[in-house]
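Below are the chains, spelled out letter by letter.
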Amino acid sequence: MGRGKIEIEKIENKNARQVTFSKRRAGLFKKAHELAVLCEADVAVIIFSCTGKMFEFSSTDMKTILERYNKCLESKQSPAVQVQPKPENQKQEPDENEFLKQEIERLKSKQRQLLGKDLIGMDLQELHEVERQLQEGLLCVKTRKGERLMDDNVIWRKQAPNFKKEDTGR
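Residues numbered from 1 in each chain as written. Predicted model: local features only at pLDDT ≥ 70, side-chain atom pairs only at ≥ 80, totals over all residues. Heavy atoms only, no water.

Some remarks on the pairing of strand β2 (residues 54–58)
Because side chains alternate across β2, one face comprises the buried residues Phe55 and Phe57, and the other comprises Met54, Glu56 and Ser58, none of which is buried. Taking the residues between adjacent antiparallel strands as the criterion, strand β1 (residues 44–48) and β2 are bridged by five residues, where Gly52 takes a positive phi near 95 degrees. (Buried < 20%, exposed > 50% of the residue type's maximum accessible area, 1.4 Å probe, protein only. Helix = DSSP H or I, 4+ residues; strand = E, 2+ residues; numbered from the N terminus. Pairing = 2+ DSSP bridges.)

Quick notes on the packing of aromatic side chains
Considering all chains together, one arrives at two aromatic pairs under this definition. Above the ring of Phe55, the side-chain terminus of Arg25 is found at 4.0 Å from the ring centroid. (Phe/Tyr/Trp six-rings, centres within 6.5 Å; stacked < 30°, edge-to-face > 60°. Lys NZ or Arg CZ within 6 Å of the ring centre and 35° of its normal.)

Quick look at the pattern of salt bridges
Going through the model one piece at a time under the given rule, you end up with seven salt bridges. Lys31 serves as the salt-bridge partner of Glu34, at 3.9 Å between the closest nitrogen and oxygen. Placement of the pair is Glu34 and Lys31 together in helix α1 (residues 14–39), with a separation of three residues, close to one helical turn. Take Glu34: its relative accessible area is 29%, and that puts it in the partly exposed class. Between Arg144 and Glu147 there is a salt bridge, and its shortest N-O distance comes to 3.2 Å. Of this pair, Arg144 and Glu147 both sit in helix α5 (residues 124–168), separated by three residues, roughly a single helical turn. Residue class for Glu147 comes out partly exposed when judged on its relative accessible area of 38%. Each of Glu129, Arg132 and Glu136 takes part in salt bridges that share partners, so that together they form one network. (Salt bridge = Lys/Arg side-chain N within 4 Å of Asp/Glu carboxyl O.)

So, the pairing of β1
What you see with β1 is a clean split: Val45 and Ile47 sit on the buried side and Ala44, Ile46 and Phe48 on the side with no burial. Looking at chain direction, β1 and β2 are connected through five bridges and run antiparallel. Among the inter-strand pairings, Ile46 is bridged to a residue of β2, identified as Glu56.

Listed below in structure tokens is the structure:
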């Protein structure tokens, strides 16, 4: 049974409005995260509540995404239009080199954070995100380890009769 449609209009009750805002904000951030993971997209969402409080989500470094966004605004072209194949003998532009250097530094910083280093200066939300990523990674490692143990167990069980034959044959 599906949900009924609601009329999109301002919610007059302040408490109901706040609850709806919180739930929808969380849902939007979840969808943004899913888009980033499924499509390997760089996603940034910034929301200002009616009280002026800022909420943000970014799949990578927010500053890097905003810099890319501003570059696109300055050129007045969308990124899809902006990308043009370059002849192989032509060197990269300085802006592109700088962007790649920043991206490498960002990835190195992210790696250090996942190793438990460079955590100073991170706010609570960023620390929660690092913790979530570590838990996700640990779950993948444990799952793969379990698969390998099961595979090895199957192989050993198949080979066990051969060992018994060898032992009784002596």
